[in-house]
Amino acid sequence: MSALEQTDIFISGGGVAGLTAAAAFGAAGFSVICADPAPPITEAATEGADLRTTAFLQPSRDFLDRAGLWDRLAPHAMPLQVMRIVDAGGERAEARVAHDFNAADISELPFGWNLPNWLLRREMVGHLATLPNVDFCPGTGTAQVLTREAEARVTLTDGARIAAKLVIAADGRASPVREALGIGLRSMRYGQKALAFAVTHPIPHENVSTEIHRSGGPFTLVPLPDHEGRPSSAIVWMERGPEVKRLAALPEPEFEAEMTERSAHLFGPLKLASRRTVWPIIAQIADRMEGERTALVAEAAHVVPPIGAQGLNMSLADMRVLVDLAEAHRDDPGTRAMLREYHRARHAEVLARVTGVDALNRASMAEAQGLRDLRLRALNAIYSVAPVRRVMMRAGLGATG
């Protein structure tokens, strides 16, 4: 039997959320072991690479800086100054109205900074390699978790045995750790999937993130650095499942024609700059965000459709609260009282955001012309009242003031 290795923090899951947690707890001076069954894919051209992007909003950037990651990420980040909502829900796929939500109305900084997920993994793995108190174990999964009042015992798939004061479940929407703890889950399904890919276009994006609503779900273009001398954007195109299957199978010229039409021709002819990847769309929230010696973060605790850059930014808010509490309980960062405090601090806010994004997604899926016209009137009403517009922008950033 292998020797028992002692650590302060064990993190199950080495995606962007788990790697961020490892860096943050490492920066706070805790000993950390992070394990993930799949080695991270850190190049865009590699099969299986995550071609989605993440927009880190202002509070998340501050947390990444605290975790020691931002200096590595900043050179690759594309600022997002304006979030533009376009309604193209008329009889033809063209813009009926566009409203700009400008960060300058509430802040001297951009709303956020956009980075490709595969690049995040590359830079985060590189950073962890420089931390002597953090051990990242790619290609190794969590086989068993046993918790007791005093500590958690973890067995990895390679036979290694670990004793930890705190286990962090960052192991995704089907979290094995959450299931082992018997924590229940509420799920919402939409019959949607998302196509994620990169494009080039002749009309510059000017650091504007553009969300185009028609039916089936939003078509969102998020700025990327120029690609081969041409303006470039990452696209997430949400549609009902059978339609995504059809689109994903189209020959490239036909697909480019359809996505240009769906973009309301706002950026000129769109050209693929990557392969197409397909992702399922659901919403879910765990009944609790804690168990004995265990905290649930990120998609182990909550999943939302990719609207308003809420997903990973909620995840980093989980970690920010958890690191603060662990630092306040440094002698034993995993007590029952500390973890209950974590649940109280996060669960109500997470529930509110999951509920809000669920409502926005259902509105974006509207097929009937009358419902699309109602959505347009609601957008116009929100935008026309400046105080309401500013409150919504602050809420989107996660600010309370």
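The coordinates are above.
Reference entry: report on the structure contained in this document.

Quick notes on the rules
- Residues numbered from 1 in each chain as written.
- Predicted model: local features only at pLDDT ≥ 70, side-chain atom pairs only at ≥ 80, totals over all residues.
- Heavy atoms only, no water.
- Helix = DSSP H or I, 4+ residues; strand = E, 2+ residues; numbered from the N terminus.
- Buried < 20%, exposed > 50% of the residue type's maximum accessible area, 1.4 Å probe, protein only.
- Lys, Arg positive; Asp, Glu negative; His and termini not counted.
- Salt bridge = Lys/Arg side-chain N within 4 Å of Asp/Glu carboxyl O.
- Contact = heavy atoms within 4.5 Å.
- Pairing = 2+ DSSP bridges.
- Axes fitted to C-alpha atoms, helices over the stretch in contact; angles between N-to-C directions.
- Parallel < 35°, antiparallel > 145°, perpendicular 65-115°, else oblique.
- Left-handed = near helix turned anticlockwise from the far one by under 90°.
- Nonpolar A, V, L, I, M, F, W, Y, C, P; charged D, E, K, R; others polar.
- Phe/Tyr/Trp six-rings, centres within 6.5 Å; stacked < 30°, edge-to-face > 60°.
- Lys NZ or Arg CZ within 6 Å of the ring centre and 35° of its normal.
- Expected span 1.5 Å × (residues − 1).
- Bend = angle between axes of the 7 residues up to and from the residue.
- Disulfide = S-S within 2.5 Å.

### Focus: the side chain of Arg178
Okay, step 1: By the element assignment, Arg178 lies in helix H5 (residues 176–181).
Okay, step 2: No salt bridge is formed by the buried Arg178; its nearest oppositely charged neighbour, Glu179, is found at 4.6 Å.
Okay, step 3: Ignoring any residue separated from it by four or fewer positions in sequence, one finds Arg178 in contact with Gly172, Arg173, Ile183, Leu185, Gln284, Ala286, Leu296, Glu299 and Ala300.

### Things to note about the pairing of strand E12 (residues 185–200)
The side chains of a regular strand alternate between the sheet's two faces.
Okay, step 1: Pairing of E12 with strand E17 (residues 277–286) involves nine bridges; the strand directions are antiparallel. Across the sheet, Ala194 pairs through a bridge with Trp279, a residue of E17.
Okay, step 2: Note that E12 and strand E15 (residues 230–240) share nine bridges and pair antiparallel. Paired with Leu195 across the strands is Trp237, a residue of E15.
Okay, step 3: For E12 and strand E16 (residues 271–272), the ladder comprises two bridges, and the chain directions are antiparallel.

### Digging into the packing of helix H8 (residues 311–328) against helix H9 (residues 336–364)
Okay, step 1: Two numbers describe how H8 lies on H9: the axes approach to 10 Å, and their chain directions differ by 165 degrees. In terms of orientation, H8 lies roughly antiparallel with respect to H9. With respect to the hand of their crossing, H8 and H9 are arranged in right-handed fashion. Of the residues in H9, those touching H8 at Met314, Ala317, Asp318, Val321, Leu322, Leu325 and Ala326 are Met338, Glu341, Tyr342, Ala345, Arg346, Val350, Arg353 and Val354.
Okay, step 2: A per-class count over the contact of H8 with H9 returns 11 nonpolar, no polar and four charged.

### Comments concerning unusual backbone geometry
Okay, step 1: The phi dihedral of Asn207 is positive, around 60 degrees, even though this residue is not glycine.
Okay, step 2: Residue position: Asn207 is located in the loop between E12 and strand E13 (208–213).

### Thoughts on the packing of aromatic side chains
Okay, step 1: Scanning the model with the defined rule gives five aromatic pairs in all.
Okay, step 2: Note on Trp70 and Trp113: the rings are 5.8 Å apart at their centroids and 70 degrees apart in plane angle, and the pair reads as edge-to-face. Linking Trp70 in helix H3 (residues 70–73) with Trp113 in strand E7 (residues 112–116), this pair joins segments that are 43 residues apart in sequence. Here Trp70 and Trp113 have matching classes, each one buried.
Okay, step 3: Each member of the aromatic cluster is reached from another via a ring pair, and the members are Phe197, Phe219, Trp237 and Phe255.
Okay, step 4: Stacked on the ring of Phe255, the Lys or Arg Arg276 has its end atom at 4.4 Å from the ring centre.

### Topic: H9
Okay, step 1: Over its 29 residues, H9 runs 41 Å from end to end, which matches the ideal 42 Å to within 8%, given 1.5 Å per residue.
Okay, step 2: Of all the bends in H9, the greatest, near 30 degrees, is centred on Arg346.

### Quick word on the packing of helix H1 (residues 16–27) against helix H4 (residues 117–128)
Okay, step 1: Viewed as axis vectors pointing N to C, H1 and H4 meet at an angle of 25 degrees, and their least axial separation amounts to 10 Å. As summarised for this structure, H1 and H4 are arranged roughly parallel, according to the angle between their axes. Here H1 and H4 pass one another in a crossing that is left-handed. For the pair H1 and H4, the contacting residues are Val16, Leu19, Thr20, Ala22 and Ala23 in the first and Asn117, Leu120, Arg121, Met124, Val125, His127 and Leu128 in the second.
Okay, step 2: A breakdown of the residues in the contact of H1 with H4 according to their chemical character gives eight nonpolar, three polar and one charged.

### A look at the pattern of salt bridges
It is possible for side chains of opposite charge to pair when their charged atoms get near one another.
Okay, step 1: Summed over the entire model, instances satisfying the criterion amount to 25 salt bridges.
Okay, step 2: Its salt-bridge partner being Glu123, residue Arg122 comes within 2.9 Å of it at the nearest N-O pair.
Okay, step 3: For Glu151, the salt bridge identified is with Arg153, shortest N-O distance 2.5 Å.
Okay, step 4: Under the relative-accessibility criterion, Glu151 is labelled partly exposed at 22%.
Okay, step 5: Members of the salt-bridge network, linked through shared partners, are Arg66, Asp324, Glu327 and Arg330.

### Describing the state of the cysteines
Okay, step 1: Scanning all chains against the criterion turns up zero disulfides.
Okay, step 2: A disulfide-free cysteine, Cys34 has its sulfur positioned 7.8 Å from the sulfur of Cys137, the nearest such atom.
Okay, step 3: Owing to a relative accessible area of 0%, Cys34 belongs among the buried residues under this scheme.
Okay, step 4: Taking the relative accessible area as the measure of exposure, Cys137 reaches 18% and is therefore buried.

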